[in-house]
Amino acid sequence: MFRLKYLWQYLMLAIPPALAITAACKASFVISALAIGIAYIDIIILPLCKNNESIWMFFMTAVTATPINISLIIYYFENYSSYSSVFISVIFGALGYFVMLSAEEILLGIVIRLLFKSQNKLDD
């Protein structure tokens, strides 16, 4: 349920995806690193994320990394791909996206789990 007193927290959580979209449009590594860094800071300082840091990091990684990963895949296929078929390019692009997203989710999840050992159980 949306509560007005949490509005500033929701706005803070919207900053990393907005930066990620900007990084994808500008092709800037610095802005994309800043987006991931701000996602970590948001999860650490916001009371809304308290004791649920792992699930929030999972969500924030998926939302923040998607525009960056798509721009990386487009860059790769524009500059290095030699596939003549559009169908094969789309299939390998989707496969590459899911591999990159899975690796990012695992690595960032491990880091956030090391930082926050006590978490609420999700199956309550």
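The structure reproduced in this document is the subject of the present report. (Residues numbered from 1 in each chain as written. Predicted model: local features only at pLDDT ≥ 70, side-chain atom pairs only at ≥ 80, totals over all residues. Heavy atoms only, no water.)

Brief notes about the layout of surface pockets
Thinking step 1. By volume, the largest pocket is sized at about 380 Å³.
Thinking step 2. Around the largest pocket sit 19 residues that line it, and Phe29, Ser32, Ile68, Asn69 and Leu72 are the ones nearest its centre.
Thinking step 3. Looking at the lining of the largest pocket, the elements with two or more residues in it are helix H1 (7–26), helix H2 (29–45), helix H3 (53–79) and helix H4 (86–115).
Thinking step 4. Considering each element in turn, the lining of the largest pocket owes the most residues, seven residues, to H3.
Thinking step 5. Residues belonging to the lining of the largest pocket are distributed by class as follows: 13 nonpolar, five polar and one charged. (1 Å grid on protein atoms, 1.4 Å probe; cavity = no way out; pocket = protein on both sides within 12 Å on 5 of 7 lines; lining within 4 Å. Points joined across faces, edges and corners; volume = space filled by probe spheres on them. Helix = DSSP H or I, 4+ residues; strand = E, 2+ residues; numbered from the N terminus. Nonpolar A, V, L, I, M, F, W, Y, C, P; charged D, E, K, R; others polar.)

Description of the packing of aromatic side chains
Thinking step 1. Tallied over the entire structure, the rule returns three aromatic pairs.
Thinking step 2. Ring geometry for Trp56 against Phe59: centres 6.2 Å apart, planes inclined by 85°, an arrangement best described as edge-to-face. Here Trp56 and its partner Phe59 are both found in helix H3, three residues apart, which amounts to about one turn of the helix.
Thinking step 3. Ring geometry for Tyr76 versus Phe77: centroids 5.3 Å apart, planes at 75°, classification edge-to-face.
Thinking step 4. Given a relative accessible area of 21%, Phe77 falls into the partly exposed group. (Phe/Tyr/Trp six-rings, centres within 6.5 Å; stacked < 30°, edge-to-face > 60°. Buried < 20%, exposed > 50% of the residue type's maximum accessible area, 1.4 Å probe, protein only.)

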